[in-house]
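# Descriptive analysis of the structure
Here are the chains, one letter per residue:
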Amino acid sequence: IIIEPTTMTTTYPSSPSRQFHRQSSATGGGAPPSSKPLSTDISSSSTYAYTRTPSSLITLATCNLNQWALDFDGNASRILTSCQIAKDQNASYRLGPELELCGYGCEDHFLEQDTFDHCWESLVRLLDEGASDGLVCDFGMPVLHGGVRYNCRVICYNRRVLLIRPKTAMADNGNYREGRYFTAYTAPSTGGGGSERHLLPTYFANKFGQRDVAFGLHYITCADGTTIGCESCEELWTPQSSHIDLALRGVEIIGNGSGSHHELRKLSTRMELMINATRKCGGVYLYSNQRGCDGSRTYYDGCAMIVVNGRIVAQAPQFDVQDVHVVTATVDLDDVRSYRASQPSFGIQAARLATEEGSGGGASNGLLCDDIHLVFDPLDVSLSGKNRPKVAEEDLSLQIAAPEEECCLGPACWLWDFLRRSGAAGFFLPLSGGADSSSVAAIVAVMCILVTKAARDDPEGNVAQDCRRVCRQDENSLWVPATPQEMGNHVLHTTFMGTDNSSEVTKSRAKRLGDAIGSYHLSIKIDLMVSAVLQVFQLATGHMPRFLSRGGTMSEDLALQNIQARLRMVTAYLMAQLLPWVRGRSGFLLVLGSANVDEGLRGYMTKYDCSSADLNPIGAISKGDLKRMLLFLSKKYPDFDVLAEIANAPPTAELRPIDAATATAEAGHSQTDEDDMGMTYEELGYFGRLRKISRCGPVSMFRKLLVTWSHLSPSEVASKVKRFFYYYSLNRHKMTTITPAYHAEAYSPDDNRFDLRQFLYNTKWTRQFAVIDDIVAQHPETDKDKND
């Protein structure tokens, strides 16, 4: 390196390829280099002036918010809190969840003009109260543009709207119905991502002096060279994801405001998409999500995160009872530039895009905001001592709960949101001592553990305030439960509703579990009610039904079982209404159901029995996952050791008289669920996944199971498939009245929103079963036992 003893200025632009500029004070920078002998020694008498390299450090924030559909004031308050926390961490950009101003789950309320008007009112409040002062805020809200409803990102700074960016791909599968409410945006054919302007509401213009704003597929380019783009939820999952185009245009920071609900084993797939997106294209990817129950069956499971070049540098919890959780990270944008420059294939494709679009290289998509500076100078003395996260040097491991943890944590947080927002004084649960009702009780216990810890950590916080209100304590005090069992005694009421057909084994398990949780527990017998109803029937008809084991018919037997089950439902609602009064308290109780997803799929439940309730936290969880959850909790919480005993006991309905000759000590009864159903819970899991997730009808399911169940003969497989579809179609009507259940499983048969199918079937499946029979007949080894 040859350095002459002249005044020199070195500048490093923020682009990936730095340049070394030299300027001589004597020659004005135009003179050729000196012909004197070259030396690497620098004379101490020489004078040099260097302009320092512009900083490329930036602090970013994203969040989980527990929003509630149509709770505009509450939603705005939670957004304000998240913005303030981001400012406290000295972030210059804050990302929020999808449709956060109104709540993601407004559904058909999106068809109402009021919803759009109230969102603009909320945005005015946010800007007026300083949410965007010194902070680029990426909000989610619906916008009516040109008479069309769009799901949008609204980017604001210093009380101005910089950009409204509409969503280009709607989520319309599973629980999602976005296409019913919104239109996927398509940029005008003029190119450049669209050059439309959106006229802002009059009251907004009067308040802030801004009449219109850019509307379209733009990104923000700041004065310091920082670029910010948007990708909204479903766009990440599409084959042509938005982040690919943004990365090739040089956008460094991409924010994804999402409304993604929990489903068992789903989080890893979602997170891997973001990690792989930045690993492939480079960049900083921020993900924000709602977390909580916003008024329906789904639970949004948060897990906001920041990913840099495939590395996780910040992640928020997946399950929590707090309303607001903000995570921040300080990143070096030069890492992004260097990462992309190190991949020749990325440079080739970026250059190709620029060539195809002309010399502008897609610049028409960028909106220049020359008054916004987002990076900070670490040597600026005015910033010393400020609270700011350090630059992340090490990768964070992805925090994903095991399925057995998801089964209890997700429904527990969902129940807490429902309880505190409904105004109820607690829950009532018919506790039979079996795996299903015990799982529900255990989930409520986990809820009490989470809430008690949060309340004790901050007795003045929102969780503690909600806890005092739910438990009917003085809301002006600082009371918090001393233990989860103390809270359990306030909010959970359990009752064992036995008959002469019930065993002492299950009664004991129910009592021991209630004691461990701290619930207000009763043990009663309902034989008087059963007898009274049967006497009314006998007086009306002159006949008295008998169980099958006592000489009756199957119709009589089923009727006698169903009347017990239905009277338990009647008793449950009576208890839920009057137990607070009995205990000298105000309010009402929410009745909890306990039918699992496999029983719903098979229809193995009595219509309007204890499966009919206000809420069912396990209605979309399989029996196998529930048993694993019980075993997990028995190990995690030693006081709940009875859960292991319950998990290992054979499931039984206890609706028929006990046959002492066939009753087992583990079950305590001779009647078992799997014998009644004619199939195992494991087999039901196969049927459920193939029917819903793999979209199989009877024939295609049979073909797949021929391979999967190769240990069975074709005729045995055919018999099982036919039996399943017969009972599934026969009992499908029960799904039309099923209790609202926490959505957890992709093969849930919930007819209300998720699994849309008819409920009047030809249960003979004439064509389908005939094809199966033909396939079986074509196999020479029709029955393996005949060949043995």
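What you see is a predicted model, and the numbers here were worked out from it, not measured in a lab.

## Side note on the pairing of strand β1 (residues 57-65)
- Counting buried residues along β1, nine of its nine residues qualify, which places the element largely inside the surrounding structure.
- Residues of β1 alternate between two faces, with L57, T59, A61, C63 and L65 on one and I58, L60, T62 and N64 on the opposite face, all of them buried.
- Sheet analysis places β1 next to strand β15 (residues 324-332), joined by nine bridges and oriented antiparallel. Across the sheet, the residue bridging to C63 is V326, located in β15.
- Relative to strand β2 (residues 93-95), β1 runs parallel, the two sharing three bridges. Within β2, the residue paired with L60 across the bridge is Y93.
- Where the polypeptide runs from β1 across helix α1 (residues 72-88) and back to β2, its parallel neighbour, the crossover connection is right-handed.
- Across two bridges, the pairing between β1 and strand β11 (residues 284-292) is parallel. Within β11, the residue paired with L65 across the bridge is Q290.

## A look at the pairing of strand β13 (residues 305-308)
- Where burial is concerned, the two faces of β13 agree: the one with M305 and V307 and the one with I306 and V308 are both buried.
- Sheet topology note: the β13/strand β14 (residues 311-315) ladder contains four bridges and is antiparallel. Looking across to β14, one finds that M305 is bridged to Q315.
- Taking the residues that link successive antiparallel strands as the turn, the β13-β14 hairpin has two residues, and the phi of N309 there is positive, at about 50°.

## Quick notes on a nonpolar patch on the surface
- A surface patch of nonpolar side chains, about 440 Å² in accessible area, is lined by L574, L578, W581 and V582.
- Mapped onto the secondary structure, L574 falls in helix α15 (residues 554-582).

The rules behind each value
- Residues numbered from 1 in each chain as written.
- Predicted model: local features only at pLDDT ≥ 70, side-chain atom pairs only at ≥ 80, totals over all residues.
- Heavy atoms only, no water.
- Buried < 20%, exposed > 50% of the residue type's maximum accessible area, 1.4 Å probe, protein only.
- Helix = DSSP H or I, 4+ residues; strand = E, 2+ residues; numbered from the N terminus.
- Pairing = 2+ DSSP bridges.
- Right-handed = clockwise from strand over helix to strand, strands pointing away.
- Patch = residues over 30% accessible without salt bridge, like charges linked within 9 Å, V, L, I, M, F, W, Y side chains within 5 Å.
- Areas by Shrake-Rupley, 256 points an atom, 1.4 Å probe, with all protein chains shown as cover.
- Salt bridge = Lys/Arg side-chain N within 4 Å of Asp/Glu carboxyl O.

All we've got here are geometric facts, nothing functional implied.
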